[in-house]
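This is what each chain is made of:
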Amino acid sequence: MKIHINGKLVPKEQAVISVFDHGLLYGDGVFEGIRVYGGKVFLLEEHLKRLYEGARAIRLEIPVSQPELATAVEETVEANSLQDGYIRLVITRGAGSLGLDIRRTSDPQVIIIADTISLYPPELYEQGLKLITASTIRNHPQALSPQVKSLNYLNNILAKIEGTDADCLEALMMNHKGEVAECTGDNIFIVKNGVLKTPPTDAGILEGITRAAVIQLAKQAGLDVREVTLTRHDIYSADECFLTGSAAEVIAAVSLDGRQIGDGKPGPITKDLKKRFEALTRGE
Ligand code: PMP
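Counting starts from 1 at the beginning of each chain's written sequence and moves along it residue by residue. It should be noted that, the model being predicted, local features are given only for residues of pLDDT at least 70 and side-chain atom pairs only at 80 or more, the latter also being counted only at that level, while totals for whole chains, interfaces and linings use all residues. As a convention, hydrogens and water are excluded, and side-chain values are obtained from all of the structure's heavy atoms.

**A short note on the pattern of salt bridges**
When their charged atoms lie close together, side chains carrying opposite charge are able to pair.
Phase 1 of the analysis: Take a side-chain nitrogen of Lys or Arg and a carboxyl oxygen of Asp or Glu: if they are within 4 Å of each other, that pair is a salt bridge. All told, the structure shown has 13 salt bridges when counted by the stated rule.
Phase 2 of the analysis: The salt bridge partner of D101 is R103, with a shortest N-O separation of 2.8 Å.
Phase 3 of the analysis: Three exposure classes are used, based on accessible area relative to the maximum for each residue type with a 1.4 Å probe and protein chains only: buried under 20%, partly exposed in between, and exposed over 50%. R103 gets classed as exposed once you look at its relative accessible area, which sits at 74%.
Phase 4 of the analysis: Ionic pairing is found between K130 and D167, a salt bridge with its closest N-O pair at 3.9 Å. With K130 in strand β7 (residues 129-133) and D167 in the loop between α5 (154-165) and β8 (170-174), this residue pair connects regions lying 37 residues apart in the sequence. Put simply, DSSP H or I for four residues or longer makes a helix, DSSP E for two residues or longer makes a strand, and each gets a number counted from the N terminus.

This is how it looks when you write it as structure tokens:
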């Protein structure tokens, strides 16, 4: 496997960073997870836009331009002969002192890993996922905006632990107001009386690239799509529920906190949108 690090493609054993890197010491950096389908990088521009915006929000200057980074991503896919897989793009603040002052850091690290991805087990795409509500809330937007896909994912990891402890592979996270935000690594949608609903950005969520693609597909399919505040009651009483993410794609959620959602099976609108998403990504 070849890793792209700071402008060079090197064998993975040689792709190393300093133990003084603020990415390691403080989770100081940003990242992206991007899919490759049939050798083509899916929605690369959208991912890069989010990456550069997040970097700007945390005062991290990415040392290469967006077009240069796009080329580097393509080169990494090609060097690894990747047909279907997953790209992890990581930008760290670089090595500094054992203190928070970013003025003492130098050399932000630009790392591109092209690998495979394991989605949820295939049977769960047929049956749907069980969810619980995590007691860990999503980051308060005034502490660290969830719109920044930062290297500090601890609050999501803590919520994920709550999920896996309860035998659920995803967990629902609320925001500081007690409204539905998103799951630990996926955005959430419900269907109620034929209307597709998802929390708005100001619920304190990562604005998912898959979320945006699914909203567009749903509108093209003639569905009424609304970005509205959702409560847990809305999910308990929904006709259908599904999650979206680059790794997960589109997957039904069939229960929350032991309450069955709809008839407890992936619903017709979920299945239709899943099919449309597969057609978009794989031309099926
Ligand atoms: N929310 C969170 C917290 C995420 O980490 C992710 C990405 N794994 C998503 C939503 C989905 O975003 P995308 O569709 O851009 O992968």
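**Digging into helix α8 (residues 268-282)**
Phase 1 of the analysis: Along its 15 residues, α8 runs 21 Å from first to last C-alpha, staying within 8% of the 21 Å computed at 1.5 Å per residue.
Phase 2 of the analysis: Turning to α8, its buried residues are I269, T270, L273, K274, F277, E278 and T281. Expected helix span is taken as 1.5 Å per residue step, with the number of steps being one fewer than the number of residues.

**Describing the layout of surface pockets**
Phase 1 of the analysis: In this structure, the largest pocket spans a volume of roughly 710 Å³.
Phase 2 of the analysis: For the largest pocket, the lining is made up of 35 residues, of which Y86, R88, K149, G185 and A247 are closest to its centre.
Phase 3 of the analysis: Looking at the lining of the largest pocket, the elements that each hand over two or more residues are β3 (29-37), α2 (44-57), β5 (85-92), α5, β9 (180-183), α6 (209-220) and β13 (240-245).
Phase 4 of the analysis: In this count, Pro and Cys sit with the nonpolar residues alongside Ala, Val, Leu, Ile, Met, Phe, Trp and Tyr, while Asp, Glu, Lys and Arg are called charged and the others, Gly among them, polar. Residue classes in the lining of the largest pocket are distributed as 13 nonpolar, 13 polar and nine charged.
Phase 5 of the analysis: Domain segmentation is taken from an automatic or database assignment of domains. In this structure, the lining of the largest pocket is formed jointly by two domains, domain 1 (2-115) and domain 2 (122-282), each of which donates at least three residues.
Phase 6 of the analysis: What the second largest pocket holds in volume is close to 450 Å³.
Phase 7 of the analysis: Buried and open spaces are told apart on a 1 Å grid over the protein atoms alone, a cavity being a set of points where a 1.4 Å probe fits but cannot get out and a pocket being an open set with protein on both sides within 12 Å along at least five of seven lines. Residues with an atom within 4 Å of a point are the lining residues. Forming the walls of the second largest pocket are 20 residues, and the residues nearest its centre are E46, E207, G208, I209 and A212.
Phase 8 of the analysis: Those elements that place two or more of their residues in the lining of the second largest pocket are α2 and α6.
Phase 9 of the analysis: Ranked by the residues each element gives to the lining of the second largest pocket, the list is headed by α6, at seven residues.
Phase 10 of the analysis: Its residues assigned to classes, the lining of the second largest pocket shows nine nonpolar, five polar and six charged.
Phase 11 of the analysis: Two domains each donate at least three residues to the lining of the second largest pocket, and these are domain 1 (2-115) and domain 2 (122-282). Grid points are joined across faces, edges and corners, and a volume is the space filled by probe spheres set on the points.

**Some points on the sheet that holds β5**
Phase 1 of the analysis: Spatially, the six strands line up as an open sheet ordered β2-β1-β6-β5-β3-β4, and their pairing is antiparallel. Here the strands that pair on one side only, and so sit at the sheet edges, are β2 (8-11) and β4 (40-41).
Phase 2 of the analysis: Contacts between α2 and the sheet are confined to β3, β4 and β5, with β3 contributing the most and set at about 175 degrees to the helix. Two strands pair if DSSP finds at least two bridges between them. Contacts are residue-level and defined by heavy atoms, with any inter-residue pair within 4.5 Å sufficient. As a rule, the C-alpha atoms of each element are fitted with a line to give its axis, helices using only the stretch in contact, and angles between N-to-C directions run from 0 to 180 degrees.

**Topic: the nonpolar core**
Phase 1 of the analysis: Residues belong to a common nonpolar core when they are buried Ala, Val, Leu, Ile, Met, Phe, Trp, Tyr or Cys residues joined through side-chain atoms within 4.5 Å. V30, V41, L51, L69, I87, L89 and I91 are the most contacted members of the largest nonpolar core, which has 25 residues in total.
Phase 2 of the analysis: Elements that contribute at least two residues to this core include exactly β3, α2, α3 (66-79), β5 and β6 (109-115).
Phase 3 of the analysis: Excluding residues within four positions of it along the chain, I87 makes contact with E32, G33, I34, V36, V41, V73, V77, I112, I113 and A114.

**A short note on the packing of α2 against α3**
Phase 1 of the analysis: α3 packs onto α2 with a crossing angle of 125 degrees between their chain directions and a minimal axis gap of 11 Å. Overall, the two elements α2 and α3 adopt an arrangement that is oblique. The handedness of the crossing between α2 and α3 is right-handed. For the pair formed by α2 and α3, the contact residues are L44, E45, L48, K49, L51 and Y52 on the first element and Q66, L69, A70, V73 and E74 on the second.
Phase 2 of the analysis: Among the residues making up the contact of α2 with α3, the classes are represented as seven nonpolar, one polar and three charged. Any angle between 65 and 115 degrees counts as roughly perpendicular, while under 35 counts as roughly parallel, over 145 as roughly antiparallel, and the rest as oblique. The handedness criterion is simple: a crossing whose near helix is rotated anticlockwise from the far helix by less than a right angle is left-handed, and one whose near helix is rotated clockwise is right-handed.

**With respect to the pairing of strand β12 (residues 224-227)**
Phase 1 of the analysis: Sheet topology note: the strand β11 (residues 195-198)/β12 ladder contains four bridges and is parallel. Across the sheet, L196 pairs through a bridge with V225, a residue of β12.

**Section: the domain arrangement of the protein**
Phase 1 of the analysis: Domain annotation for the protein reports domain 1 (2-115) and domain 2 (122-282).
Phase 2 of the analysis: For domain 1 and domain 2, the distance between their C-alpha centres works out to 26 Å.
Phase 3 of the analysis: In this assembly, 23 residues from domain 1 lie in contact with 18 residues from domain 2.
Phase 4 of the analysis: Taken together, domain 1 and domain 2 are joined by one salt bridge.
Phase 5 of the analysis: Residues adjacent in sequence count toward polar contacts only when both atoms are side-chain atoms; beyond that, a polar contact is any pair of N or O atoms within 3.5 Å, and within protein one must be able to donate a hydrogen and the other to accept it. Inspection of the region where domain 1 meets domain 2 yields nine residue pairs in polar contact (both at pLDDT 80 or more).
Phase 6 of the analysis: Among the secondary structure elements, those contributing two or more residues to the side of domain 1 that touches domain 2 are α1 (22-26), β3, α2 and β5.
Phase 7 of the analysis: With seven residues, β3 is the largest single contributor of residues to the side of domain 1 that touches domain 2.

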